[in-house]
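Survey of secondary and tertiary structure
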Amino acid sequence: MRKPFLWLFVLAAWLSLPVAAFASENVTAFQLENGMDVVVIEDDRAPVVTHMVWYRVGAADEPAGQSGIAHFLEHLMFKGTETLAPGEFSSVVARNGGSDNAFTSQDYTAYFQRIAADRLDLVMGMEADRMSNLRLAEADVRTERDVILEERNQRVENSPSALFREQKSATQYLNHPYGIPIIGWQHEIRELDREAALSFYETHYAPNNAILVVAGDVTPDTVRALAEKHYGVIEANPDLPPRTRPQEPPQLAERRLMLRDGRVSQPYVNRAYLAPERDSGAQQEAAALHLLAQVLGGGQTSVLNERLQIEQKIAVQTGAWYSGTSLDQTTIEFVVVPAAGVTLAEAEDALDEVLTEFVETGPDPEQLDRLKMQLRAEEIYDRDDASGLARRYGAALTSGLTVEDVQAWPDLLQDVTAEEIVAAAKRVLDHQSSVTGQLLAPEVTQ
Amino acid sequence: MKHLLFLSLALMLAAAPLHAEIEIDEVTTPGGLDAWLVEDHSIPFVALEIRFRGGASLDSSDARGATNLMVGLLEEGADDMTAQDFARARDTLAAKFSYDVSDDTVSISAQMLTENRDEAAALLRASLVAPRFDDDAIERVRGQVLSGLRSAQTDPRDLVSRAFDRLIFGDHPYGSPLEGTMDSVEGLTREDIAAAHRAALTREHVHISAVGDITAEELGPLLDDLLGDLPQEGAQLPARADLNLPGGVLMEPFETPQSIAAFAQAGVERDDPDFFAAYVLNHILGGGGFESRLVTEVRVKRGLTYGVYSYLSDKDAAQLWVGSVSSANDRVAEAIRVIRDEWARIRDDGVTEEELRDAKTYLTGAYPLQFEGNSQIARIAVGMQMDGLPVDYIANRNDMVEAVTLEQINRVAQDRVDPETLTFVVVGQPEGLDGSIN
């Protein structure tokens, strides 16, 4: 059966990735002399390689009034260099049987190619080229701006759930730029231009602000030699700006929002609390929150599913999410999609009841054991997907974490106790620092 | 993302194509089930893919949605286990099971750790052979299906695919949503669900692949235990669909800023001698990542869309050449005009030698890259069985792509590309576009 709703919320963490445990074997990390970090993940089962360059810059690093410029630049990075014509990067990759793409989040911008392992030299050469030699024609910039406006139409304007998420994030963050959408506000996208893109590029794209992740049928020695050849010759940018964003003040008032849209047929309620993120060397609280979200809303045996769907039968779908891999303060979120005939107020009351009770009783020890068993198993299953591991390292290293932090995470999850989960819940699930949103259809007027 | 997510397939060197080296063993179990096995003992788990041909199209006409609801209930209680007992047992073993349904298949994907594989397989067996269909589980999953159907009523993507299917496939099962309608799902009984189970999960229609840490000697008994007690025969597979492709535009007015268009003409059968030529032709027209004519003309040159693509759709009972584009309401008419022009241009002028060479280089180079990871290989292997392909297809497929000549591909463009019957369905408030189909 098609489970109808999960994707709505999965998309909320647009282009950011779930955290989970994984094996640290076969992973090698080092740094080039110009400050570029390198991570190599070996997997020789297929003669394939995933080559990624991650920049420590995302939408939350944009100048005020230029929302969407990080993502716009990501598109424009395919529009040519001194030696490559517009579109040639992708066509060379394609002619070599590879595929390429890129993605932008609040905290990072990443470019990748998946290609036969013996073509690593080729794609690395082209990726290094566009790190410092981007050339943009005015006409290409204008046409591509129309493309990203259509991308916004497709992802956001055509989707009430996406509009709701934007409004919800804007409500969540009073001061931090996480309140501004990654793709940008429509009126600001319209004003983005070539100069803004090049300025952002020159400020942030440099080897000492980048991480190279290579996963697949390679050895660290080969990657090191190729990386020194292509990236090692690029000069570091000594004027790289520090990554400091305006931070949130203490939240003193509960916030609520309601979006009505004619395209909504199935309403739902979303609850979010500001929560600490994973910090380098200090991930214990985040580990507890990760398990808290799993215990409460992570699948069929979660507390919310058992209480609201199976026992009380007032919800058709429930869920909980915590996105710990984040440079700045993140959120833990819950959603309840009410059953037919149940109001959003009733759904919200039921959610509150479960949360209140959970803080009193704590997790069921057997459920916690099952979750930890599943987390251990993920370390085995994850080895099947070297590209997925590459994304996990890239996301972590652009979010203020180190390779050691990534490798410590599975054990930290195993060490979390029931008491720590309850303590984290008590600290974070505070009504005063919550945002509650409702998405629903317009009121019927007589 | 620069490219659409679902397009993620996405001068200096002429690539020498890799050859995929995947060793598939064809295994027949003691109980007589056929399966494909790829042994790889480097990671201690096995990925199992099971497909039953038939899928939601086996629904009887008065119980539309029964197969979908049945599949949703397989993990909601089996043998002496309630839904929660089952879920807890699965989580305790850290096994992963997923159950899905499409027009043509019921699909089961499983990942099982070597350390508890027998217990995990026994649990999976219970869900396939002895699902309970408890009343409270039926009502719970029915509620989820109805909720999804309610959402679909005002979702432009769902609206376009539903209008498209209704227009082209009419009364054939493909013509209606596999989830059923609000009314039909409300009316489904436990008997309908049990009947759908008997009809869809049968030995005669099953295909199996296993990839990972398991030997042929271990796989045989495991599969016999898992599937041996299913009935041999089930429902008759649906008849071929008659395609209604009148050309022109069907409009479905809906208040939203960006119009979504789906389009189609007749497709090409998988075993047609022209299939590979058509496949390469489509790659040049609207397939792949960033290089196709449609992307170049509609997106790169004119900025009319974020995503435009076409592909050869090969369903069991119908072959279509389909595509999609999304553009703001005031620009979609131009996007459709450009697509129509490209459709006519490739028929009339064919493709160039260079386009053919680049397409072959991409397609032959990309093919071996797909075989990454046990789960992925298992999905490909079972898909090949569903398409009736032999195991040596993996070794020979690139040669079949290479064998396409410029003369053949341009003849196929002349014969098969048909702008007159290219039919558009548009959901939105498009400006300057007239609906010619009522």
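Report follows, based on the coordinates.

**Considering the overall build of chain A**
Scanning chain A from N- to C-terminus turns up 16 helices and 11 strands. The C-alpha radius of gyration of chain A comes to 23 Å, within 12% of the 22 Å expected for a compact globule of 446 residues. Taking the principal axes of its C-alpha atoms as reference, chain A extends roughly 65 × 55 × 45 Å. Burial analysis of chain A (446 residues in total) assigns 56% to the buried set. Once local pairs closer than 6 in sequence are excluded, the contacts in chain A between residues at least 24 apart make up 82%.

**Some words on the sheet that holds strand β3 (residues 48-55) of chain A**
All names here are of chain A. In spatial order, the strands read β1-β2-β6-β3-β5-β4; together these 6 strands make up an open sheet with mixed pairing. A single partner strand is all that each edge strand has here, and the edge strands are β1 (27-31) and β4 (99-104). Ignoring which end each strand starts from, the neighbouring axes of this sheet average 15° apart. Two strands pair when backbone bridges link them, and β4 and strand β5 (residues 109-116) are joined in this way by 6 bridges, in the antiparallel orientation. Along β5, the bridge assignment pairs F103 with A110.

**Some details on the interface of chain B and chain A**
Each partner contributes to the interface: chain B provides 74 residues, whereas chain A provides 62 residues. Elements that contribute at least two residues to the side of chain B that touches chain A include exactly α1 (66-73), α2 (83-93), β7 (105-113), α4 (135-152), α10 (293-300), β12 (318-328), α12 (353-369) and α13 (374-386) of chain B. Ranked by residue count, the leading element in the side of chain B that touches chain A is α4 of chain B, at 10 residues. In terms of residue class, the side of chain B that touches chain A is built from 31 nonpolar, 30 polar and 13 charged.

**Considering helix α3 (residues 117-129) of chain B**
For α3 of chain B, spanning 13 residues, the distance from its first C-alpha to its last is 18 Å, which sits close to the expected 18 Å at 1.5 Å a residue. Of the positions making up α3 of chain B, those classed as buried are R117, A120, A121, L123, L124, R125, A126, S127 and L128 of chain B.

**What to know about the environment of R391 of chain A**
Tracing the chain through its elements places R391 of chain A in helix α14 (residues 386-397). Note on R391 of chain A: 22 C-beta atoms within 10 Å, which makes it buried.

**Focus on the sheet that holds strand β10 (residues 258-266) of chain B**
Here 5 strands make up an open sheet; going across it, the order is β9-β13-β10-β12-β11 (chain B) and the pairing mixed. Taken across any chain shown, the strands that pair with only one partner, and hence form the sheet edges, are β9 (248-253) and β11 (308-315) of chain B. The sheet shows a mean angle of 20° between the axes of neighbouring strands, taken without regard to direction. As paired strands, β10 of chain B and β12 of chain B are joined by 9 bridges and run antiparallel to one another. Directly across from A264 of chain B, in β12 of chain B, lies its bridge partner V322 of chain B. Where helix α5 (residues 138-157) of chain A meets the sheet, it contacts β10 and β12 of chain B, and its direction lies at approximately 105° from that of β12 of chain B.

**Points about the pairing of strand β8 (residues 268-275) of chain A**
Residues and elements named next belong to chain A. Extensive coverage of β8 is indicated by the burial of 7 of its 8 residues. Examined bridge by bridge, β8 and strand β11 (residues 434-440) share 6 bridges and lie antiparallel to one another. Residue pairing across strands places V269 opposite Q438, the latter belonging to β11. Pairing of β8 with strand β10 (residues 330-338), which is carried by 7 bridges, proceeds in the antiparallel orientation. If you follow A272 over to β10, its bridge partner there is E333.

**Notes on helix α9 (residues 275-286) of chain B**
All names here are of chain B. For α9, which comprises 12 residues, the first-to-last C-alpha distance of 16 Å matches the rise-based estimate of 16 Å (1.5 Å per residue) to within 8%. For α9, the tally of buried residues reaches 11 of 12 residues, placing the bulk of the element in the interior. Where α9 is concerned, the buried positions are F276, A277, A278, Y279, V280, L281, N282, H283, I284, L285 and G286.

**Structural notes on the environment of R379 of chain B**
Residue and element names in this part refer to chain B. For R379, the location among the structural elements is in helix α13. Among the residues examined, R379 registers 19 C-beta atoms within 10 Å and is labelled partly exposed. With 270 residues separating them in the primary sequence, R379 and S109 have C-alpha atoms 8.5 Å apart.

The rules behind each value
- Residues numbered from 1 in each chain as written.
- Chains lettered and ligands numbered in written order.
- Predicted model: local features only at pLDDT ≥ 70, side-chain atom pairs only at ≥ 80, totals over all residues.
- Helix = DSSP H or I, 4+ residues; strand = E, 2+ residues; numbered from the N terminus.
- Rg over C-alpha atoms; globule rule 2.2 N^0.38 Å.
- Buried ≥ 20, exposed ≤ 12 C-beta atoms within 10 Å, placed from the backbone.
- Contact = placed C-beta atoms within 7 Å.
- Pairing = 2+ DSSP bridges.
- Axes fitted to C-alpha atoms, helices over the stretch in contact; angles between N-to-C directions.
- Nonpolar A, V, L, I, M, F, W, Y, C, P; charged D, E, K, R; others polar.
- Expected span 1.5 Å × (residues − 1).

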